[in-house]
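Summary of the model geometry
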Amino acid sequence: MEGGYQDTRWEGYVDWRNKPALRGKHGGMLAASFALAVEVLENLAYLANASNLVLYLSKYMHLSPSKSANNVTNFMGTAFLLALLGGFLSDAFFTTYHIYLISALIEFLGLIILTIQAWTPSLKPPTCDPSTTPSMPCQEIDGGKAAMLFIGLYLVALGVGGIKGSLPTHGAEQFDENTPQGRKQRSTFFNYFVFCLSFGALIAVTFVVWVEDNKGWEWGFAISTIAILVSIPIFFFGSGFYRNKIPSGSPLTTICKVLVAAMLKGCMSRNSSNAIANLSASPSFEPETNKEPEENAKQTDEIPTQSLKFLNRAVVYKPAHPALQCTVNQVEDVKIVLKILPIFACTIALNCCLAQLSTFSVEQAASMDTKLGSLKIPPASLPVFPVVFIMILAPVYDHLIIPFARRVTNTEMGITHLQRIGIGLFLSIISMAVAALVEIKRKRVATDSGLLDSTAPLPITFFWIALQYLFLGSADLFTLAGLLEFFFTEAPSSMRSLATSLSWTSLAMGYYLSSVIVSIVNNVTGNSGHSPWLSGYTINRYHLDRFYWLMCVLSTLNFLHYLFWAMRYKYRSAGAGASK
């Protein structure tokens with residue numbers, strides 16, 4: 001009976017009551033579906049405010065355009081960077097189940113504060129109209145009112161970070177990675193996670209943004225508050241189906257211990273007759289014998305691999321301190337983390353392209369004919385294009401492209417994680433080239449119409465901008481879903497949440513890098529005796545086409561850099577390249 005009970009347990013997992021998780025009862029697609037439903041509401045609550053926040057800060061909080069833009073960038077970047085904190089806590093101290101619930105409550109509290117402030121005139125700066133009283137500038141929010149605003153915003157950012165760092169991992173952990181069926185279902189989960197993320201974004205940038213612009217920001221904040229509040233019981237209703245991975249201690253501690261031990265023992269090796277080469281060359285390596293054989297067996301069960309051999313020093317010599325004692329498994333785990341970092345770095349350029357298109361493309365569309373019949377489309381609604389493309393491509397990819405690829409390649413995955421990321425990076429090159437060609441056409445129309453210095457709409461439809469969004473949305477789907485699955489499957493089990501959070505960190509760093517590139521381009525081109533590429537009275541005077549060609553070249557170089565690392569990468573996860 002005891003043996004049969006052991007066979008029904010998910011080793012290393014517990015249910016929400018901290019009792020052993022059981023096969024057939026916990027985990028599976030039903031459990032993961034709760035995470036998918038919650039992601040729709042969570043991203044709706046976040047993007048409903050982030051996508052239109054610059055208008056709220058400038059129009060109602062009376063911050064200058066530059067301050068408003070910087071605050072929005074800082075808010076979004078901080079939210080995505082805090083995903084690392086959420087992932088770290090999920091791996092080290094809490095389960096992803098608890099981190100989601102705690103983070104959702106924090107975001108709910110932040111939205112409550114923002115809603116109260118938007119609803120109460122006394123908590124906002126006095127209303128004013130600078131067009132009627134140009135000599136009296138509007139009073140910028142300050143003091144306790146400003147404190148309330150930023151406390152609310154950064155509580156939301158903290159909650160969003162915790163959710164992004166825990167929810168994808170929580171859903172992916174519901175599948176059995178030791179079976180082909182479980183791995184295929186996990187791949188489907190990541191694909192539909194991006195679909196649900198886009199579905200929430202679609203509602204946010206259409207319905208909620210319309211409410212904010214036409215009914216008032218207090219109603220927009222209220223919708224976001226209700227959305228995140230509703231997501232909590234929905235997530236909680238799935239508690240009986242979840243299997244939650246037991247935290248195994250701080251992954252950062254392991255990483256730091258191995259790196260420090262390798263460096264210290266590297267210094268010791270210079271004065272020792274032993275050498276790390278002896279370890280790699282000898283198949284009969286034995287761990288130090290100053291301890292009991294049983295304890296040695298626990299510390300290492302195999303010889304360290306030859307990749308990143310400098311880390312093998314951590315298990316060769318007696319440590320300077322017992323706290324620096326490392327096992328072979330710990331060394332190999334750190335090697336895996338270091339190997340995936342170049343892949344992470346190569347995706348930052350794609351997110352830099354995403355940031356550029358979400359700013360300059362809106363300005364381009366604003367200068368074009370935005371009418372759709374009798375309906376005038378606001379340029380700020382342009383993010384609808386990539387969102388809709390992602391929602392169309394996600395099921396097509398999962399139900400048509402992948403089954404076809406599996407038949408052609410006769411492999412379990414059909415398209416590997418790195419191939420999927422590479423396709424996304426290649427599509428980002430095309431999107432930049434298309435953006436440059438569309439801008440050339442737009443400026444030609446402006447020149448031929450004599451409207452270079454005019455703010456009047458150009459006689460060209462804004463649907464031309466949709467072409468670059470087609471490729472951009474496709475690139476985002478391939479790369480983000482591939483990156484989430486790659487980090488989850490390749491990272492050591494004790495570091496999965498932290499590693500998966502790197503996907504969001506890449507997004508944050510891409511947005512930060514975009515600001516740096518724009519500043520560098522303007523400084524370099526402005527110092528050559530000509531006007532900077534990205535400045536002028538109107539966007540018609542910008543050299544935006546040159547900037548897009550520059551981004552195309554940088555994306556191409558980044559893609560080649562990615563191929564260098566991807567072609568040398570060896571998968572550790574089961575099924576990544578195995579035959580069916």
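What counts as what
Residues numbered from 1 in each chain as written. Predicted model: local features only at pLDDT ≥ 70, side-chain atom pairs only at ≥ 80, totals over all residues. Heavy atoms only, no water. UniProt positions renumbered as here; feature names shortened; annotations may be inferred. Disulfide = S-S within 2.5 Å. Buried < 20%, exposed > 50% of the residue type's maximum accessible area, 1.4 Å probe, protein only. Axes fitted to C-alpha atoms, helices over the stretch in contact; angles between N-to-C directions. Helix = DSSP H or I, 4+ residues; strand = E, 2+ residues; numbered from the N terminus. Parallel < 35°, antiparallel > 145°, perpendicular 65-115°, else oblique. Contact = heavy atoms within 4.5 Å. Phe/Tyr/Trp six-rings, centres within 6.5 Å; stacked < 30°, edge-to-face > 60°. Lys NZ or Arg CZ within 6 Å of the ring centre and 35° of its normal. Pairing = 2+ DSSP bridges. Left-handed = near helix turned anticlockwise from the far one by under 90°. Core = buried A, V, L, I, M, F, W, Y, C linked by side-chain atoms within 4.5 Å. Domains from an automatic or database assignment. Salt bridge = Lys/Arg side-chain N within 4 Å of Asp/Glu carboxyl O. pLDDT = per-residue confidence, 0-100.

As annotated in an unreviewed UniProt entry, the protein chain carries the name Major facilitator superfamily (MFS) profile domain-containing protein and comes from Gossypium tomentosum. Database annotation for the protein chain, UniProt heading Sequence similarities (unreviewed entry): "Belongs to the major facilitator superfamily. Proton-dependent oligopeptide transporter (POT/PTR) (TC 2.A.17) family." What UniProt states about the protein chain under its Subcellular location (unreviewed entry) heading is, verbatim, "Membrane".

It is worth spelling out the state of the cysteines at this point. One pass over the full model with this rule turns up zero disulfides. Between C552, a cysteine without a disulfide, and C353, which holds the nearest cysteine sulfur, the sulfur-to-sulfur distance is 8.6 Å. For C552, a relative accessible area of 10% puts it in the buried group.

Attention now moves to the packing of helix α18 (residues 465-490) against helix α20 (residues 502-526). One way to put it is that α18 packs onto α20 with a least axis distance of 9 Å and a crossing angle of 135 degrees. Between α18 and α20, the interaxial angle falls into the category oblique. Of the residues in α20, those in contact with L480, L483, L484 and F487 of α18 are L502, S503 and W504.

Glancing now at the packing of aromatic side chains. Counted by the stated rule, this structure contains 30 aromatic pairs. Centre to centre, the rings of Y100 and F235 are 4.3 Å apart; their planes meet at 40 degrees, and the pair counts as tilted. With Y100 in helix α6 (residues 96-119) and F235 in helix α9 (residues 217-237), this pair connects stretches of sequence that are 135 residues apart. A connected cluster of aromatic rings, assembled from ring pairs, spans F34, Y97, Y100, F235, F241 and Y242. In this arrangement the basic side chain of R243 is found over the ring face of W10, its NZ or CZ atom lying 4.2 Å from the centre. For the cation-ring pair, R496 lies above F488, with the distance from its terminal atom to the ring centre recorded as 4.5 Å.

In the case of a regular strand, side chains alternate between the two sheet surfaces. Examined bridge by bridge, strand β1 (residues 9-14) and strand β2 (residues 20-22) share two bridges and lie antiparallel to one another. The residue of β2 that forms the bridge with V14 is P20. Hairpin connection from β1 to β2: five residues lie between these consecutive antiparallel strands, with N18 at a positive phi of about 70 degrees. Note: β1 against strand β3 (residues 244-245), two bridges, orientation antiparallel. Bridging across to β3, V14 finds its partner in N244.

Take the packing of α6 against α9 next. Running from amino to carboxyl end, α6 crosses α9 at an angle of 160 degrees, the nearest separation of the two axes being 9 Å. Taken together, the axes of α6 and α9 lie roughly antiparallel to each other. The handedness of the crossing between α6 and α9 comes out as left-handed.

Before going further, it helps to examine unusual backbone geometry. One non-glycine residue, N18, adopts positive backbone phi at about 70 degrees. When you line up the elements, N18 lands in the loop between β1 and β2. For N18, a relative accessible area of 61% corresponds to the exposed category. Phi at N410 takes a positive value of approximately 55 degrees, unusual for a residue other than glycine. Along the polypeptide, N410 turns up in the loop between α16 (384-409) and α17 (417-448). You can call N410 partly exposed: its relative accessible area is 42%.

It is worth spelling out the nonpolar core at this point. With 94 residues, the main nonpolar core has Y46, Y56, F75 and F189 as its most contacted residues. Take this core: its biggest share by element is 14 residues, from helix α2 (residues 29-50). When residues of this core are sorted by domain, at least three fall in each of domain 1 (9-128 + 142-247) and domain 3 (331-574). If you look at the next biggest cluster of nonpolar residues, it comprises 46 residues, including I429, F478, A491 and M551.

Overall, the coordinates contain seven salt bridges when judged by the stated rule. In this structure, R496 and E177 form a salt bridge, with 2.5 Å as the shortest nitrogen-oxygen distance. In this pair, R496 is assigned in helix α19 (residues 496-500) and E177 in the loop between α7 (143-172) and α8 (180-214), connecting sequence segments 319 residues apart. Its relative accessible area of 4% is what places R496 among the buried residues. According to the relative accessible area criterion, E177 is partly exposed, its value standing at 29%.

Take the sheet that holds β3 next. Taken together, the three strands give an open sheet; going across it, the order is β2-β1-β3, and neighbouring strands pair in antiparallel fashion. A strand with exactly one partner marks an edge of an open sheet, and here the two such strands are β2 and β3.

Let's shift gears to the side chain of T347. Counting through the fold element by element, T347 comes out in the loop between α13 (328-346) and α14 (348-357). Dropping the residues within four chain positions of it, T347 is found in contact with I421, L425, T479, L483 and S506.

For the rest of this paragraph, the subject is the confidence of the model for the protein chain. When pLDDT is averaged across the protein chain, the result is 81; 86% of the residues are at 70 or more. Predicted confidence in the protein chain is weakest over helix α12 (residues 293-299), with a mean pLDDT of 38, and strongest over α6, with 93. When the criterion is pLDDT under 50, residues 272-301 qualifies, and its contacts beyond four places in sequence or with other chains add up to 41 contacts.

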